[in-house]
Amino acid sequence: MVEILDSTLREGEQTPGITFSVEEKLTIASLLDEFGVDIIEAGHPRVSKDIFRGVKEISNQGYNAEILAHCRAIKEDIDVARSCNVDWVGIFFCVSNRRLEQQFRSNINKVTDLITETIEYAKDYGLKVRYTPEDAIRTDFTSLIKVSRAAVEAGADRISIADTVGAVTPTRMYDLIKSLQSEIKVKFNAHCHNDLGLATANALAAYEAGVTMIDVSVNGLGERVGITPLSELCLALHSLYCVKNNWKLEMISKISQKVSEFSGINISPNTPVVGKNAFVHNAGLHVAAVLHDPSYYEVFPAELVGRNRKFILDKMASIQTIKQKLQQIGVSTNNDNITRIMRYVKSKEKGTVSDEELRGLLNISEIESVMFH
Ligand code: HCA
Ligand code: CU
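Predicted model only: the values in this text are computed from it and were never measured. (Residues numbered from 1 in each chain as written. Chains lettered and ligands numbered in written order. Predicted model: local features only at pLDDT ≥ 70, side-chain atom pairs only at ≥ 80, totals over all residues. Heavy atoms only, no water.)

Enquirer: Describe the packing of aromatic side chains, naming the residues involved and giving the relevant values.
Expert: Aromatic ring pairs are defined here through the distance separating the ring centres and the angle between the ring planes. Enumeration over the complete set of coordinates arrives at four aromatic pairs. Judged by centre distance (5.2 Å) and plane angle (75°), the ring pair of Y121 and Y125 falls under edge-to-face. With a relative accessible area of 19%, Y121 lands in the buried category. According to the relative accessible area criterion, Y125 is partly exposed, its value standing at 42%. (Phe/Tyr/Trp six-rings, centres within 6.5 Å; stacked < 30°, edge-to-face > 60°. Buried < 20%, exposed > 50% of the residue type's maximum accessible area, 1.4 Å probe, protein only.)

Enquirer: Describe the side chain of S318, and please don't skip the residues or the numbers.
Expert: Topologically, S318 is positioned in the loop between β10 (310-311) and α12 (319-328). One polar contact links the side chain of S318 to the main-chain carbonyl oxygen of G284, over a distance of 3.3 Å. Ignoring any residue separated from it by four or fewer positions in sequence, one finds S318 in contact with G284 and M342. (Helix = DSSP H or I, 4+ residues; strand = E, 2+ residues; numbered from the N terminus. Polar contact = N/O pair within 3.5 Å; in protein donor to acceptor, adjacent residues only side chain to side chain. Contact = heavy atoms within 4.5 Å.)

Enquirer: I'd like a rundown of the site of ligand 1, residues and numbers included.
Expert: Taken together, R10, E11, Q14, H70, F92, R130, T132, E134, A162, T164, H191 and H193 form the complete shell of residues around ligand 1. Between an oxygen atom of ligand 1 and a side-chain N or O atom of E11, the distance comes to 2.8 Å. One nitrogen or oxygen atom from the side chain of Q14 is found 2.9 Å from an oxygen atom belonging to ligand 1. For ligand 1, whose unbound accessible area comes to 350 Å², protein coverage reaches 93%. Class assignment of the residues belonging to the shell around ligand 1 gives a composition of two nonpolar, six polar and four charged. (Near = heavy atom within 4 Å. Areas by Shrake-Rupley, 256 points an atom, 1.4 Å probe, with all protein chains shown as cover. Nonpolar A, V, L, I, M, F, W, Y, C, P; charged D, E, K, R; others polar.)

Enquirer: Let's hear about the coordination of the copper ion (ligand 2): which residues, and what values?
Expert: With distances of 2.1 Å, the protein atoms coordinating the copper ion (ligand 2) are E11 (OE), H191 (NE2) and H193 (NE2). Counting the intervening residues between successive donors of the copper ion (ligand 2) yields the motif E-x179-H-x1-H. Of this pair, E11 sits in the loop between β1 (3-6) and α1 (22-35) while H191 sits in strand β7 (residues 187-192), and the two are 180 residues apart along the sequence. (Donors = N, O, S within 2.8 Å, 3.2 Å for Na, K, Ca; no water.)

Here it is, written out as structure tokens:
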């Protein structure tokens, strides 16, 4: 059993240049709720008035998903989160020696006390608490254990292992989670940044090691280049690990499109799952195989995520591609014509042959005139 925490509205709004209006946040939150995420991280309410309003309105919608507010280890942050009616607070504090000494001019004992007090304070008000030792990957193990153990004793319900700068590999992530679990009995989250393109792989390694909740965002939005994308993670869990959650996977493209529209960040064609090319087959051999059985060249069927497969007609094409394209435009023709079309398609060095072009080619003399000039 694995749960999903979506942080599009908190981490995602930290994407350079991105802001969501409260209305946009409500639209995104209700789509995420319908999709079936377990927790919506709605924002850090002390950052600004509109973030406060967003967190509060989202909390008051009565979603199935629980709502989490991001907080520093500061009691006033907890107070503000409480006044938003959230279920969870996510308290973060970096305990790496370097940051403690150089930035905070503090030490692990003092900071552990502060974190403990803040967690106890939040628990006294009946809030659920996730504590995140930020940059856990680059934090020495003794400090990580010390602060996490204290957090759990103070009542933290979850510890989140954040790879804040995308500096871990799947194997190291796996080993770290295993070591932590042997020391502390608590539910772990994984929060993986994508600075080296490893966010999904690292999140899956954490899952293999036993984390029970994974942080994602729609389209992988977040600080710098973002975190594990919702679509990649859910489809990998579904297709490769046979995780059977009640996610409405068919909504995934729609959610991506909405967030792309609101964020102004385009989905590149080669984005897994939601990109324009995710179910487009090109090489002749591939098309022939897919027409026989899509699973030869699809790790999961396009229909699972509410999409259709497509075929490209260009010099890579096989006879089957042409026949399929002709069928698609509702035309039948003889083998001679198909051969001529094939010769034309193969002679086109650059670009694809559009449906209109194909229709035009059905006039044989036109094919010949195109070919011999
Ligand atoms: C941040 C850093 C954070 C925190 C994660 C968390 C990270 O933007 O505050 O609070 O669980 O990656 O460490 O996103
Ligand atoms: Cu982060």
